[in-house]
Amino acid sequence: MSDESRSRRAPKPRKRHRGLKITLGVLLVLLLAGGGAAYWMYQDLDGNIKGVDIDKALGEDRPEKLPTTGQNLLVLGSDSRAGAENQELGGGGAVGGARSDTALVVHIPEGRTEAVAVSIPRDTLVTRPECTRSDGSTMASAERVMFNSVYSQAGPACVVKTVEKMSGVRIDHYLEINFAGFKDLVDAIGGVTVKVDEPIKDKASGLDLTAGTHKLDGTQSLAYVRTRHGVGDGSDLGRIGLQQQFLLALLTEIKSQDLLGSPTTTYRIANSATKSLTTDEGLASLTSLSEFARSMNGVDPSSMETIMLPVAYDQQDPNRVVAAEPQAGTLWKAIRSDGTIPESAKRSPATGG
């Protein structure tokens, strides 16, 4: 069964999830902000960052931007096989296109020190709105489309439009990092230490770990956060727990090395990450990223709460999930209004994993 056909059971969401995906985008801008006086060292990073004109692609048919709703980011981890390194890290083989392997809507309330991130399961069935492809052609709207397929069908702007349509949340910025970028980020900090309670052996991801403590390099870390056949019931969402654990370990490693206090080390990490970074045009420069990072100085990534979008098993296809109501609607409404998210809106009917 292919990657896109496994979503048998979703794990029970915990009150305070922390997901790997936050690190891919938000941590990067925090690292850039840490350079401070050594900003001149980062000028050559501008050429690494790829920009996508999301605003032009979406036009005016978008949710209203309210003055008190803070900032909303869509953070994607892409499974693109573009380039030899991404093909090798993705498992090799002729895999066409790319999909949004992970997706988070990160909400940063105005003037606050905490943030919340909503993880959208990749196997969620959604209504894809009419979108304009990168070549200018139009793709008609379609119902019951796999969320992670929207990226390969119509590109990142259509993913943003799909998220806005399903949530009613105006997306201010877009951040995407691919396989190679994640690997290089971990290698740049010298690896990450994790504790494994039970042996994990997954031929699909190449992960083979005994129970105990392990120092993972970039390639091993990528396999760790992508594995699912070796944990839980083997479902696509079963790996969420490992991703949460990995982020905690990554943040611990960064804190212990005091990377933000070392411009040289920060530059090395930022150089690795920006080579595989794609953003909206509003963030597609070091200056813009740094300014955005400084606006987030009061936010501690380790305190971010990550909530899985409440989902239920699809009645027609148990290998797919759909947004569970009224939980999902209540969750998105709280984010739109910058309000408190009720505990009931964090509970997913789909359980297991």
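As the structure is a computational prediction, the values presented were derived from the model and not from experiment. (Residues numbered from 1 in each chain as written. Predicted model: local features only at pLDDT ≥ 70, side-chain atom pairs only at ≥ 80, totals over all residues. Heavy atoms only, no water.)

**Describing the overall build of the protein chain**
Argument step 1. In terms of regular secondary structure, the protein chain is built from 11 helices and 17 strands.
Argument step 2. Put simply, of all contacts in the protein chain between residues at least 6 apart along the chain, 72% involve residues at least 24 apart.
Argument step 3. When the accessible surface of the protein chain is totalled, it reaches about 14,700 Å², and 48% of it is carbon and sulfur. (Helix = DSSP H or I, 4+ residues; strand = E, 2+ residues; numbered from the N terminus. Contact = heavy atoms within 4.5 Å. Areas by Shrake-Rupley, 256 points an atom, 1.4 Å probe, with all protein chains shown as cover.)

**Brief notes about the packing of helix α6 (residues 179-188) against helix α7 (residues 218-226)**
Packed helices, taken two at a time, are described by the angle their axes make and the gap between the axes.
Argument step 1. Viewed as axis vectors pointing N to C, α6 and α7 meet at an angle of 120°, and their least axial separation amounts to 8 Å. As far as their axial angle goes, α7 and α6 are oblique. Both α6 and α7 take part in a crossing whose hand is right-handed. Residues Phe 179, Phe 182, Lys 183, Val 186 and Asp 187 of α6 form the contact with α7, whose participating residues are Gly 218, Thr 219, Ser 221, Leu 222, Val 225 and Arg 226.
Argument step 2. Of the residues assigned to the contact of α6 with α7, the class counts are 5 nonpolar, 3 polar and 3 charged. (Axes fitted to C-alpha atoms, helices over the stretch in contact; angles between N-to-C directions. Parallel < 35°, antiparallel > 145°, perpendicular 65-115°, else oblique. Left-handed = near helix turned anticlockwise from the far one by under 90°. Nonpolar A, V, L, I, M, F, W, Y, C, P; charged D, E, K, R; others polar.)

**Some remarks on the state of the cysteines**
Argument step 1. Applying the stated criterion to the full structure yields 1 disulfide.
Argument step 2. What pairs with Cys 131 in a disulfide is Cys 158, and their sulfur atoms sit 2.0 Å apart. Between Cys 131 and Cys 158, the S-S dihedral sits near 75°, and the bridge is therefore right-handed. On the criterion of sequence distance, the pair formed by Cys 131 in strand β6 (residues 131-132) and Cys 158 in helix α5 (residues 156-167) is long-range, its members being 27 residues apart. Take Cys 131 and Cys 158: they sit in the same class, and that class is buried. (Disulfide = S-S within 2.5 Å. Buried < 20%, exposed > 50% of the residue type's maximum accessible area, 1.4 Å probe, protein only.)

**Concerning α5**
Argument step 1. With 12 residues, α5 should reach 16 Å at 1.5 Å per residue; the first-to-last C-alpha distance of 17 Å fits that figure.
Argument step 2. With 10 of its 12 residues buried, α5 lies for the most part within the structure.
Argument step 3. Among all positions of α5, only Pro 156, Ala 157, Cys 158, Val 159, Val 160, Lys 161, Thr 162, Val 163, Glu 164 and Ser 167 are buried.
Argument step 4. Backbone geometry just downstream of α5 places Gly 168 in the positive-phi region, at approximately 75°. (Expected span 1.5 Å × (residues − 1).)

**Looking at the pairing of strand β2 (residues 71-78)**
Argument step 1. Across the 8 residues of β2, 7 count as buried, placing the element largely inside the fold.
Argument step 2. Pairing of β2 with strand β9 (residues 173-178), which is carried by 6 bridges, proceeds in the parallel orientation. In the strand pairing of β9, Leu 73 is matched with His 173. (Pairing = 2+ DSSP bridges.)

**Brief notes about the confidence of the model for the protein chain**
Argument step 1. Chain-level statistics for the protein chain give a pLDDT mean of 76 and a share of 72% at 70 or above.
Argument step 2. Of the regions scoring below 50 in pLDDT, residues 1-25 engages in 110 contacts with residues more than four places distant in sequence or in other chains.
Argument step 3. In the model, residues 81-97 has pLDDT below 50 throughout and makes 25 contacts with residues more than four positions away in sequence or in other chains. (pLDDT = per-residue confidence, 0-100.)

**A few points about the nonpolar core**
Argument step 1. In this structure, Leu 74, Leu 331 and Ile 341 are the most contacted members of the largest nonpolar core, which totals 34 residues.
Argument step 2. Counting residues per element, the ones that place at least two in this core are α2 (54-58), β2, β3 (100-108), β4 (116-119), α4 (150-154), α5 and α11 (327-336).
Argument step 3. Not counting the four nearest positions on each side in its chain, Ile 341 is found in contact with Val 116, Ile 307, Leu 331, Ala 334, Ile 335 and Lys 346.
Argument step 4. Counting residues in each nonpolar core, the second largest holds 24 residues, with Phe 182, Val 194, Val 196 and Ala 249 among its members. (Core = buried A, V, L, I, M, F, W, Y, C linked by side-chain atoms within 4.5 Å.)

**Observations concerning unusual backbone geometry**
Argument step 1. A cis amide bond links Glu 325 with the next residue in sequence, Pro 326, at an omega value of 10°.
Argument step 2. Within the secondary structure layout, Pro 326 lies in the loop between β17 (321-323) and α11.
Argument step 3. Although it is not a glycine, Arg 144 adopts a positive phi angle of roughly 55°.
Argument step 4. Tracing the backbone through its elements, the reader meets Arg 144 in strand β8 (residues 142-146).
Argument step 5. On the basis of relative accessibility, which here comes to 40%, the residue Arg 144 falls in the partly exposed class.
Argument step 6. Even without glycine at this site, Asp 338 takes up a positive phi of about 60°.
Argument step 7. Looking at Asp 338, the relative accessible area reads 11%, which means it is buried.

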